[in-house]
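Notes for the structure review
Each chain, written out:
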Amino acid sequence: MASSAEYTKYDDVLTSILVDEKSILGFLSTIFNFLARCTDFYYVPADSEYKNMGFPPGVAEELVLKVLRRCDPKNWQAKNDTPTDMNEIMCSTVAQEVEVIADEDMDDINDTLESTTIQDVDRAENSDIKNKLETEAAENTKDTKDENALLPEKYEPPVIPTQKNSESYNGAVREKYSWAQTIMDLDVTMKLPLEIKSSKELKVTINPGDLSIVCCNGDIILKDELPHKIKTMDSFWSISEGRLLIHLEKVQERWWNKLLNAEEEIDISKIDCSRPLNELPEDHIAKIQELHWNQEQKLKGLPTSDEIRNIEILKKAWNAPGSPFQGTEFNPNVLKK
């Protein structure tokens, strides 16, 4: 079983990746992109070609799901507050895949097990060792089935939204324009008519509750009310390469389901709602850092921030007038009896 130090030794490297990517989605994308480029994690061998490269179909996904469950702090209590060795997860997953294939084609899997056993024991033809490996594989498969019981019967992993167009990220593409948003602002991109060459030929009016774009000849390009208020002093517009670019700052931090009242709503449950850590309020960042510190304290068997605060309160009350412990040496364990 790995010690807590072994789980935290890469914290500095992983933290730097998280800071650079600014979101959990970017962090995970970096990790899996590395696996795709530099390992055989995504490689699936051809039928009956289970050798020393890649994983059988479905095993890579199962490995990720198992590690996700094993690293969940809610599951640590039953495991002596420590995540299970990753090698155990690997063995149980591969063993489960071998058993599934055996139901389909016993002859093929017998050949595969024989080949695997020969490699594991340096090609020693020992039938006792082979039987032992098969027994261990069956036991690991049983443990795997018990682990799967941790999830609901109809559990489906969450779908991470992928969006490629930055001009409509978390927004939409409309006939005359496209818009994107974060929790704090919006960006509108509009392709202008060819006759408009500079900002002097255009009048853009940004009000707290509406937006209008009018040509100098009076033709209205766009005019409508906004579904929510914006900060006019922090909003601005410009023209670049024949496109009108408008930046709007939201009054409230919220996700908009449309830019203008007249347009069709988008499904905000399908957008990327993750936020960079540095965009969170200071008290939220402090709380996240406290939770991270408390988790490290638990792994080391040390008191958490709440426990430390409680001890400080007890120290102040220990010798207070009327305290039954006044004049004695401070010992918080007395209260636990």
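Residues numbered from 1 in each chain as written. Predicted model: local features only at pLDDT ≥ 70, side-chain atom pairs only at ≥ 80, totals over all residues. Heavy atoms only, no water.

**With respect to the pairing of strand β4 (residues 202–206)**
Here β4 shows one buried face, formed by Leu 202, Val 204 and Ile 206, and one open face, formed by Lys 203 and Thr 205. Relative to strand β5 (residues 210–215), β4 is paired through five bridges, and the arrangement is antiparallel. Considered in β5, the bridge of Ile 206 is made with Leu 211. Hairpin connection between β4 and β5: a loop of three residues separates the two successive antiparallel strands. (Buried < 20%, exposed > 50% of the residue type's maximum accessible area, 1.4 Å probe, protein only. Helix = DSSP H or I, 4+ residues; strand = E, 2+ residues; numbered from the N terminus. Pairing = 2+ DSSP bridges.)

**Re the side chain of Asn 170**
In this fold, Asn 170 is placed in the loop between α7 (127–148) and β1 (172–173). For Asn 170, a relative accessible area of 2% puts it in the buried group.

**What about the pattern of salt bridges?**
Tallied over the full model, the rule gives five salt bridges. Residues Arg 309 and Asp 306 are paired through a salt bridge, measuring 2.3 Å at the closest nitrogen-oxygen approach. With Arg 309 and Asp 306 both in helix α9 (residues 305–318) and three residues apart, this pair spans about one turn of that helix. Judged by relative accessible area, Asp 306 falls into the partly exposed class, the value being 42%. Shared partners join several salt bridges into a network, and the residues in it are Lys 287, Glu 290, Asp 306 and Arg 309. (Salt bridge = Lys/Arg side-chain N within 4 Å of Asp/Glu carboxyl O.)

**Comments concerning the confidence of the model for the chain**
Close reading of the predicted structure is inappropriate where its pLDDT is low. Mean pLDDT over the chain: 75, with 66% of residues reaching 70 or higher. Between residues 78–84, whose pLDDT stays under 50, and residues either more than four places distant or in other chains, the model counts 15 contacts. Counting contacts from residues 97–103, a segment whose pLDDT is below 50, to residues more than four positions away or on other chains yields nine contacts. (pLDDT = per-residue confidence, 0-100. Contact = heavy atoms within 4.5 Å.)

**A short note on the sheet that holds strand β7 (residues 230–240)**
Spatial strand order, β1-β2-β3-β8-β7: five strands in an open sheet with antiparallel pairing. Of all strands in the sheet, those with a lone pairing partner are β1 and β7, marking the two edges. The pairing of strand β3 (residues 185–191) with strand β8 (residues 243–250) spans seven bridges and is classified as antiparallel. Opposite Met 190, over in β8, you have Leu 244 as the bridge partner.

**Side note on the packing of helix α8 (residues 282–300) against α9**
To describe two helices that pack against each other, one gives the angle between their axes and the distance between the axes. For the pair α8 and α9, the least separation of the axes is 9 Å and the interaxial angle reads 85°. With respect to α9, the element α8 is oriented roughly perpendicular. Here Glu 290, Trp 293 and Asn 294 of α8 come into contact with α9, specifically with Ser 305, Asp 306, Ile 308 and Arg 309. In terms of residue class, the contact of α8 with α9 is built from two nonpolar, two polar and three charged. (Axes fitted to C-alpha atoms, helices over the stretch in contact; angles between N-to-C directions. Parallel < 35°, antiparallel > 145°, perpendicular 65-115°, else oblique. Nonpolar A, V, L, I, M, F, W, Y, C, P; charged D, E, K, R; others polar.)

**Thoughts on the state of the cysteines**
Within the structure shown, the criterion is met by zero disulfides. Cys 215 takes part in no disulfide bond, and the closest cysteine sulfur, belonging to Cys 216, lies 6.6 Å away. Look at Cys 215 and you get buried, because its relative accessible area is 10%. (Disulfide = S-S within 2.5 Å.)

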